[in-house]
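Letter by letter, the chains look like this.
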There are 2 protein chains.
Amino acid sequence: MTFTRVLTAAVLLPIVVGGVWWGPTWLVAALVGLVALLALYEFFRLGERVGLRGYPRWTAACAAWLIFEQWAAGQVETWRIGGGLNVVRAAGSAIVPLELVFVVFVLGAAAIALGRGRAPEAPGGEVLPAVGISGAGLLFVALPLSYLVRLHGVDRSGPKLLLFVLALVWAGDTLAYFVGRAIGRLPMAPVLSPKKTWEGAAANVIGSFLVAVLFARWLEIETLHLLVVAGLANVAGQVGDLLESAYKRSAGVKDSGALLPGHGGMLDRIDSLIFAGPVVWCYFGMILRGRG
Amino acid sequence: MTFTRVLTAAVLLPIVVGGVWWGPTWLVAALVGLVALLALYEFFRLGERVGLRGYPRWTAACAAWLIFEQWAAGQVETWRIGGGLNVVRAAGSAIVPLELVFVVFVLGAAAIALGRGRAPEAPGGEVLPAVGISGAGLLFVALPLSYLVRLHGVDRSGPKLLLFVLALVWAGDTLAYFVGRAIGRLPMAPVLSPKKTWEGAAANVIGSFLVAVLFARWLEIETLHLLVVAGLANVAGQVGDLLESAYKRSAGVKDSGALLPGHGGMLDRIDSLIFAGPVVWCYFGMILRGRG
């Protein structure tokens, strides 16, 4: 089992790292889109196990559009013309605010709800659970993942930033695994995830700190900033990991799927990555704005 | 009953119209915020009736923030400097993209979910229904309503645009009521809303067209544009109305609440307004962009 797990990682890791480093942002967007669709599929499957039937196809279409817009948002040129003023020229007319994707999602979901709710055999068409699980899929799975694309689209330093996010999550998880096994005693969330310990969680944060120190010179960002953002992203990552355990616990299953040999489903594999992306994006967005 | 209904409307109508016309956008934001919180409260009550328990306080806090940001987005000055370039200066540093509100909502909801999901008596903490109904409240109730604030914030013509939205919805609903009673025969959605007829729905659209013609000169917008946007907003409004019927049908209740004498709850009163706002905003946003 552990051998299968390592083998799968050994095959996927170079592909992901190579794609992020050499690939253009549209390729990263395509990969993230594929990951998001698989994760959404598993999320809807979990929902169905507790009787929440949503609109997976419409949600998937809006998720793909969301990721497209995050790609488009990176295709913008900015010139500084002095005096704190920026001139922005959009590279294409395809860029719409992400909020518009949500508005269209809501209107479309309402139309689908009415189409189904008219049926006499299911008056109301289970509309509350349906809009609930569909909205949650878009907000809790697709939206956070889409920030990985936005990060990659940051001009010049984008690929480095995305590799930083991947490295801090993977290093944290790996260190947590070995330290937790070696010296872990205090259970962190015995109900949700019995194997997790506070010692492992602390090692997880330390693993991310190490990555911050290692990446500081390469990223040309102050080490202090990197330590803060790595800590925040790591905690968000662990929250995402536990939240996914709660989904599975709530649905009464052990793995979200069986897609990746030795790793369970896609949602299992990316759970600690999901929330790290938006945290890093928000942090650097604020710093970059502050430096205006 | 009808007398109570008319009396309630006669008291509220001048307050709303006066507030929109003479009031500053922050007052409109406060009113819309109050309406959104009451509507959210009713939405969560409906959800609880089908076993979906969410995080109403956290969702309400994020809804209020969303409405604040829609107010802030209107406090921006734009100068045109020729050649298709715009220089934008934000009036305050409080403006963040709406998407950020969603990201923070997701992270906060995840933290709450873990706090509850750790309890041994409810492993997983019903996390899937909880994030579902909470996300749906933010997306399907608070987000669309917040566009009423954004519309009011459009410089100079904002109050006119918002009165146009209110008038087209109210005129449509009123004409639909009388025409439906007089000549309505073909039921539109017998399961969801037995009293609605196709004749009433057609009269609803015609009522909005009349408002578009009446408002054309005052708004200084081409009548053709107003007819198109009034038609689209009216259909979206009727979709919202039916969707709310589906919520109630799904929850097995007749009214969403008993707040407004003769009108039922807040959600009952604003159901045909909810989706009209974002449609008008998106339409004029596209026109204004096209005219660049």
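Here the structure is a predicted model, which means the values were calculated and not measured.

Reading guide: rules and limits
- Going along each chain's sequence as written, the residues are numbered from 1 onward.
- For this description, chains carry letters from A and ligands carry numbers from 1, given in the order in which they are written.
- Predicted model: local features are reported for residues with pLDDT of at least 70 only, side-chain atom pairs are reported and counted for 80 or more only, and whole-chain, interface and lining totals are derived from all residues.
- With hydrogens and water excluded, all non-hydrogen atoms of the structure serve as input to the side-chain values.
- When the copies are overlaid, the least-squares fit takes in C-alpha atoms only where the residue has pLDDT of at least 70 in both copies.
- Any two residues having at least one pair of non-hydrogen atoms within 4.5 Å are treated as being in contact.
- Here the quantity called buried area is the total loss of accessible area, with a 1.4 Å probe, experienced by two parts when brought into contact, counted for both.
- Counted as salt bridges are all cases of a side-chain nitrogen of Lys or Arg within 4 Å of a carboxyl oxygen of Asp or Glu.
- Side-chain atoms alone can form a polar contact between residues adjacent in sequence; in general such a contact is a pair of N or O atoms within 3.5 Å, and within protein one must be able to donate a hydrogen while the other accepts it.
- A helix here means a DSSP run of H or I that spans at least four residues, while a strand means a run of E at least two residues long, and both kinds are numbered starting from the N terminus.
- Following the grouping adopted for this structure description, the nonpolar residues are Ala, Val, Leu, Ile, Met, Phe, Trp, Tyr, Cys and Pro, the charged ones are Asp, Glu, Lys and Arg, and the polar ones are all others, Gly among them.
- For every residue, the predictor reports its confidence as pLDDT, a number between 0 and 100.
- Only protein chains enter the calculation, and the probe is 1.4 Å; a residue is then buried if its accessible area is under 20% of its type maximum, exposed if over 50%, and partly exposed in between.
- In this scheme, patches are assembled from residues that exceed 30% relative accessible area and form no salt bridge. Like charges are connected within 9 Å, while nonpolar side chains (Val, Leu, Ile, Met, Phe, Trp, Tyr) are connected within 5 Å.
- Surface accessibility in these figures is a Shrake-Rupley result with a 1.4 Å probe; residues are shielded only by whichever protein chains are displayed.
- Each residue after the first adds 1.5 Å to the expected span of a helix.
- Note that the bend at a residue is defined as the angle between axes fitted to the seven residues ending at it and the seven residues starting at it.
- Aromatic rings from Phe, Tyr and Trp, with only the six-membered ring used for Trp, were paired whenever their centres fell within 6.5 Å, and each pair was classed as stacked if the ring planes differed by under 30 degrees, edge-to-face if by over 60, and tilted otherwise.

A.B. asks: Outline the relation of the copies chain B and chain A, listing residues and values.
C.D. replies: Placing chain B over chain A gives an RMSD of 0.0 Å and needs a rotation angle of 180°, together with 0.0 Å of translation along the axis. Classification of the inter-copy transformation places it as that of a two-fold axis. Among all residues of chain B, the minimum C-alpha distance to the rotation axis is found for Gly132(B), at 2.0 Å. When you check the interface residues of chain B against chain A, 100% turn up at the interface there too, and the contact is symmetric in its surfaces.

A.B. asks: Break down the interface of chain B and chain A for me, citing the residues and quoting the values.
C.D. replies: Every contact between the two is made by 60 residues of chain B and, on the other side, 60 residues of chain A. Summed over both partners, the interface of chain B with chain A buries about 5000 Å², with 79% contributed by carbon and sulfur atoms. Contact with chain A buries surface across chain B, with Glu99(B), Leu114(B) and Leu128(B) losing the most and accounting together for 14% of the total. The salt bridge partner of Glu99(B) is Arg150(A), with a shortest N-O separation of 3.5 Å. At the surface where chain B touches chain A, the tally comes to four residue pairs in polar contact (both at pLDDT 80 or more). Looking at the side of chain B that touches chain A, the elements with two or more residues in it are α2 (25–49), α4 (98–117), α5 (127–152), α8 (223–251) and α10 (276–291) of chain B. Taken together, the residues of the side of chain B that touches chain A break down into 47 nonpolar, seven polar and six charged.

A.B. asks: Describe the confidence of the model for chain A, listing the residues and the values that go with them.
C.D. replies: Predicted confidence across chain A gives a mean pLDDT of 87, with 87% of residues reaching 70 or more. In the model output, the complex is listed with pTM 0.90 alongside ipTM 0.89.

A.B. asks: Please set out the side chain of Thr59(B) residue by residue, giving values where relevant.
C.D. replies: Residues and elements named next belong to chain B. Within the secondary structure, Thr59 is located in helix α3 (residues 56–74). Within the structure, the side chain of Thr59 is placed 2.7 Å from the backbone oxygen of Tyr55, a separation counted as a polar contact. The contacts of Thr59, once residues within four sequence positions are left out, are Leu40, Phe44, Phe105, Ser134, Gly137 and Leu138.

A.B. asks: Tell me about the pattern of salt bridges, residues and numbers included.
C.D. replies: Taken as a whole, this structure holds eight salt bridges over all chains when the rule is applied. The partner of Lys248(A) in a salt bridge is Glu244(A), and the shortest N-O contact between them spans 3.8 Å. Placement of both Lys248(A) and Glu244(A) in helix α8 (residues 223–251) is noted, with a separation of four residues, approximately one turn of the helix. Like Lys248(A), the residue Glu244(A) is buried in the burial classification. Across the pair Asp241(B) and Lys196(B) runs a salt bridge whose closest N-O atoms are separated by 3.5 Å. Remark: Lys196(B) occurs in the loop between α6 (158–183) and α7 (198–219) and Asp241(B) occurs in helix α8; sequence separation between them is 45 residues. On the accessibility criterion, Asp241(B) (13% relative accessible area) is buried. Exposure remark for Lys196(B): the relative accessible area of 23% places this residue in the partly exposed category. Three or more residues joined by partner-sharing salt bridges are found here, namely Glu244(A), Lys248(A) and Asp268(A).

A.B. asks: So, a nonpolar patch on the surface: which residues are in play, and what are the values?
C.D. replies: Residue and element names in this part refer to chain B. A cluster of nonpolar residues, Phe3, Leu7, Val11, Leu12, Ile15 and Val16, forms a patch on the protein surface that exposes about 560 Å² of accessible area. As for its placement among the helices and strands, Leu7 is situated in helix α1 (residues 2–22). Given the relative accessible area of 46%, Leu7 is considered partly exposed.

A.B. asks: Give me the lowdown on helix α7 (residues 198–219) of chain A, citing residues and values where you can.
C.D. replies: Residue and element names in this part refer to chain A. The end-to-end C-alpha distance of α7, which contains 22 residues, comes to 30 Å, matching closely the 32 Å that a straight helix rising 1.5 Å per residue would cover. Its axis deflected by about 30° at Val213, α7 carries its strongest bend there. Downstream of α7 by one or two residues, Glu220 has phi in the positive range, about 55°.

A.B. asks: Any chance you could break down the packing of aromatic side chains for me, citing the residues and the numbers?
C.D. replies: Inspection of every chain in the model, using the stated rule, returns 19 aromatic pairs over all chains. Taking the centre distance of 5.4 Å and the plane angle of 40° together, the rings of Trp21(B) and Trp218(B) count as tilted. With Trp21(B) in helix α1 and Trp218(B) in helix α7, this residue pair connects regions lying 197 residues apart in the sequence. Between Phe43(B) and Phe44(B), the aromatic rings sit 6.4 Å apart at their centres with planes inclined by 80°, giving edge-to-face as the arrangement. Phe44(B) sits in the buried class, given a relative accessible area of 4%. Taken together, the ring pairs in this structure connect Trp21(A), Phe164(A), Phe215(A) and Trp218(A) into an aromatic cluster.

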